[in-house]
Amino acid sequence: LHLSLRRQRQMCIRDSITGAASGFGREFAYAGAKLGMKLVLADVQQDALATLEAELSGQGVAVLAVHCDVSKPEQVQALADATMARFAAVHLLFNNAGVGAGGLIWENSASDWDWVLGVNLFGVIHGVRIFTPLMLACAQDDPDYEGHIVNTASVAGLQNAPTMGIYNVSKHAVVSVTETLYQDLQLIEAPIGTSLLCPYFVPTGIHQSERNRPAAMQNEAAPTTSQRAAQAFSEKAVVSGKISAAQVAQLTFDAIREDRFYIYSDLEPLASVRKRMEDLVQQRNPYDPYEEVPHIKQLLQAKLKR
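Structural notes, computed from the coordinates. Keep in mind it's a predicted model, so treat the numbers as computed, not measured.

A few words now on the nonpolar core. In this structure, Leu79, Phe131, Met135 and Leu196 are the most contacted members of the largest nonpolar core, which totals 41 residues. Elements that contribute at least two residues to this core include exactly strand E2 (38–43), strand E3 (63–67), helix H3 (73–87), helix H4 (110–141), helix H5 (165–187) and strand E6 (192–198). The element best represented in this core is H4, accounting for ten residues. Dropping the residues within four chain positions of it, Met135 is found in contact with Val90, His91, Leu93, Tyr145, Gly147, His148, Ile149 and Ile192. Membership of the second largest hydrophobic core comes to 31 residues, among which are Ile13, Val63, Leu197 and Ala245.

Laid out in structure tokens, this is it:
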């Protein structure tokens, strides 16, 4: 099994997860705990993080919880330092923390852009640039070392639905970062695998991410009509997701074992992704992602007109 997830070595695996207090991150933690991994959990939501730490510690899991805003490079560095001080190695890295904001793209404020890109994109960037050298150093010290990095993007990183501009941009960039990371690690023949998680609608609570938005990045103006419409659509879509975060975590660990790069929670959106790729190659105007569900587009347009 890739990453030495064999039962005889599982106790040696150190697993670092950002965005660990809820959603996918929490389920990654549960999955790692079941495999006997030593866990480092990072999140900006202190109360939920402390609850998860207490739960796992009570089960006998070796766990380190670190309050961390992944948009801040010094805090990600402190996370890495604490990880190495406690466990001396990292085998699995989940760059998973994420937030969302929507609305017509020209109506988003500078604070909206700073917040979403700071967490979704720079959180991954900081994780990659700080933890990858540590993992490479671990590989130099241990000839049997195997590692793996999982970056959480989204189906939104493969297409461009309207009123999701900032989120689309952040996730497209994560796709690019992760594909490049894969190529770079392959180039130097590093014993570190890479996977890109692109979930569709999954009930994770990301539609409530405003709860963790820093005070300094709050907007003074009230949400616009398009922003309210995008929020309502996001809430309905996320809550209606047919696959759970726990199932996505299982799919992710399966992909790690099999050394698979692309991880999808649902294959249905790939049809529209294919059409987008064909648009690029054939130089056509962009495909309407709501073409096959016109009632959703009509509903959104009606809200915007009001």
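Positive phi is not limited to glycine here, since Asp259 has a value of about 55 degrees. You can see Asp259 is positioned in the loop between helix H7 (245–258) and strand E7 (262–264). One non-glycine residue with positive phi stands out, namely Gln283, at about 60 degrees.

Before going further, it helps to examine the pairing of E2. For E2, the buried fraction is high: five of the six residues fall into the buried class. Inspection of the sheet shows strand E1 (residues 14–18) paired to E2 by five bridges, in the parallel sense. Opposite Thr18, over in E2, you have Ala42 as the bridge partner. Assessed by its sense of winding, the connection that carries the chain from E1 through helix H1 (residues 23–34) to E2 is right-handed. In this sheet, E3 lies alongside E2 in parallel orientation, the contact comprising five bridges. Bridging across to E3, Leu39 finds its partner in Val63. You can see the chain leave E2, run along helix H2 (residues 46–58) and come back into E3, and the turn it takes is right-handed.

Moving on, we get to the packing of aromatic side chains. Evaluation of the coordinates by the stated rule reveals seven aromatic pairs. Seen in terms of ring centroids, Phe28 and Phe94 are 4.3 Å apart; in terms of plane orientation they differ by 25 degrees. Their pairing is stacked. Remark: Phe94 occurs in strand E4 (residues 92–95) and Phe28 occurs in helix H1; sequence separation between them is 66 residues. Taking the centre distance of 6.3 Å and the plane angle of 5 degrees together, the rings of Tyr262 and Tyr264 count as stacked. Accessibility expressed as a relative area gives 38% for Tyr262, which makes it partly exposed. Feature note: the residues Tyr182, Phe261, Tyr262 and Tyr264 constitute an aromatic cluster, connected by ring pairs.

For Tyr264, the location among the structural elements is in strand E7. Owing to a relative accessible area of 23%, Tyr264 belongs among the partly exposed residues under this scheme. Each C-alpha atom, one on Tyr264 and one on Ser240, is 17 Å from the other, the two residues being 24 residues apart in sequence. Sequence-distant contacts of Tyr264, defined by excluding residues within four places in its chain, comprise Leu158, Cys198, Leu251 and Leu270.

For the structure on display, the rule yields nine salt bridges. Between Asp254 and Arg257 there is a salt bridge whose closest N-O contact spans 3.3 Å. With Asp254 and Arg257 both in helix H7 and three residues apart, the pair spans about one turn of that helix. A relative accessible area of 25% means that Asp254 is categorised as partly exposed.

The rules behind each value
Residues numbered from 1 in each chain as written. Predicted model: local features only at pLDDT ≥ 70, side-chain atom pairs only at ≥ 80, totals over all residues. Heavy atoms only, no water. Core = buried A, V, L, I, M, F, W, Y, C linked by side-chain atoms within 4.5 Å. Buried < 20%, exposed > 50% of the residue type's maximum accessible area, 1.4 Å probe, protein only. Helix = DSSP H or I, 4+ residues; strand = E, 2+ residues; numbered from the N terminus. Contact = heavy atoms within 4.5 Å. Pairing = 2+ DSSP bridges. Right-handed = clockwise from strand over helix to strand, strands pointing away. Phe/Tyr/Trp six-rings, centres within 6.5 Å; stacked < 30°, edge-to-face > 60°. Salt bridge = Lys/Arg side-chain N within 4 Å of Asp/Glu carboxyl O.

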